Amino acid sequence: MLGMKLSCVTPLKTGRQRTMALRHRTNNAAPQQNNDNINIVLLGKKGVGKSSSGNTILGEERFKCGRSLSAVTQESTVQRSVIGGRSVSVIDTPGFFCTNLSQEKLSREFARSVFLSSPGVHAFLFVVPFGRFTKQEEEILEKVKKVFGKDVLKHVILLFTYGDECIRERMDEEIDGNDVVRRVVQSCQGYHVLNNKDLTDRQQVSDLLMKIDSIERNQGYYTNEVYEWAQKWPLEQYGKYLKTILMK
Ligand SMILES: Nc1nc2c(ncn2[C@@H]2O[C@H](COP(=O)(O)OP(=O)(O)O)[C@@H](O)[C@H]2O)c(=O)[nH]1
Ligand SMILES: [Mg+2]
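Residues numbered from 1 in each chain as written. Chains lettered and ligands numbered in written order. Predicted model: local features only at pLDDT ≥ 70, side-chain atom pairs only at ≥ 80, totals over all residues.

A.B. asks: So what exactly am I meant to see when it comes to the overall build of the protein here?
C.D. replies: Each helix and strand in the protein was counted, giving 9 helices and 6 strands. Residues classed as buried in the protein amount to 38% of the 248 residues present. If you take every contact in the protein between residues at least 6 apart in sequence, the share linking residues at least 24 apart comes to 77%. (Helix = DSSP H or I, 4+ residues; strand = E, 2+ residues; numbered from the N terminus. Buried ≥ 20, exposed ≤ 12 C-beta atoms within 10 Å, placed from the backbone. Contact = placed C-beta atoms within 7 Å.)

A.B. asks: What exactly am I supposed to notice about the site of ligand 1 here?
C.D. replies: Not every one of the 22 residues close to ligand 1 is listed here, only the nearest: Gly49, Ser51, Ser52, Cys65 and Asn196. Looking at the shell around ligand 1 element by element, the count peaks at 3 residues for helix α2 (residues 50-58). In terms of residue class, the shell around ligand 1 is built from 5 nonpolar, 12 polar and 5 charged. (Near = placed C-beta within 6 Å. Nonpolar A, V, L, I, M, F, W, Y, C, P; charged D, E, K, R; others polar.)

A.B. asks: Please explain the nonpolar core as it appears in this structure.
C.D. replies: Among soluble globular proteins, nonpolar side chains are generally buried collectively. Counting residues in hydrophobic clusters, the biggest one holds 52 residues, and the most contacted among them are Ile40, Phe124, Leu125 and Phe126. Not counting residues up to four positions away in its chain, the partners in contact with Ile40 are Ile57, Val88, Ser89, Val90, Ile91, His122, Ala123, Leu125 and Ile212. (Core = buried A, V, L, I, M, F, W, Y, C linked by C-beta atoms within 7 Å.)

A.B. asks: What is the right way to read unusual backbone geometry from this model?
C.D. replies: With omega at 10°, the peptide bond leading from Ser118 into Pro119 counts as cis. Locating Pro119 in the fold gives a position in the loop between α3 (103-116) and β4 (123-129). Its identity is not glycine, yet Tyr162 carries a phi of approximately 65°, on the positive side. Structurally, Tyr162 is set in the loop between β5 (156-161) and α5 (171-176). Judged by C-beta crowding, with 19 C-beta atoms within 10 Å, Tyr162 ranks as partly exposed.

A.B. asks: Honestly, α2 in this entry has me stumped. Any pointers?
C.D. replies: Because an α-helix completes one turn every 3.6 residues, residues spaced three or four positions apart along the sequence face the same direction. Judged by how many residues are buried, α2 sits mostly within the fold: 9 of 9 residues are covered. The complete set of buried residues in α2 reads Lys50, Ser51, Ser52, Ser53, Gly54, Asn55, Thr56, Ile57 and Leu58. Summarising the contacts, the buried residues of α2 are in contact with β1 (38-43), β2 (77-83), β3 (86-92), β4, β5 and α7 (203-219). A positive phi of about 80° marks Gly59, the residue just after α2.

Take a look at the structure:
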């Protein structure tokens, strides 16, 4: 599948073909972007602090955030900045669950996030407010795996927001004490804590970028046929296709 020329990829695939096609590229093929750009995608429920985390990473208020209705992210958008000499693209997405978006729109926005992060993603930040990991979080991760394949976990970092409300030195202990969270942290590329109330704390961002760098060194950026199709198919058609996967 991997060697398949793009011209051979058609939208009409059987379930098995699709499953095969969705498999992640092997590490041997770990693709490297030829520039210094880092692509980061923020995932998670509505209100967990995705947009705020994007702003913290970029060092300024670029994404609308907060509790007001107008601040609710409806569309996937990208914002870029140069951080420490490197170009960083942050893709913010509307929340899974607890959102007014229909499944149709959510799928389209998920598709848009793939478009915006083409040709691939260095890190998916799976955002959860500290102390509020729920069953829904596990379900979201399952959906992400459905779309991208389980190897996507090699690029997922669990990002705890509300760093201002936790004692960072005790995080390891806290995580060890919670079976579900420990399992998730172990299954992906560890965790990071952000305090989004302090945009001046650039150390927390440098530390996060170092973790992402280490993923990049080991895995390159994440891509698979989902990304190749994203570049080939019209957004609407692609969104409908993702919907069929997300609804399963
Ligand atoms: N105290 C505190 N509040 C936060 C933090 N991160 C986000 N918030 C608040 O959580 C609310 C939702 O944040 P937002 O970024 O809009 O969430 P999104 O829907 O996931 O994009 C806002 O009122 C933020 O100010 C944090 O690290 N600490
Ligand atoms: Mg938002």
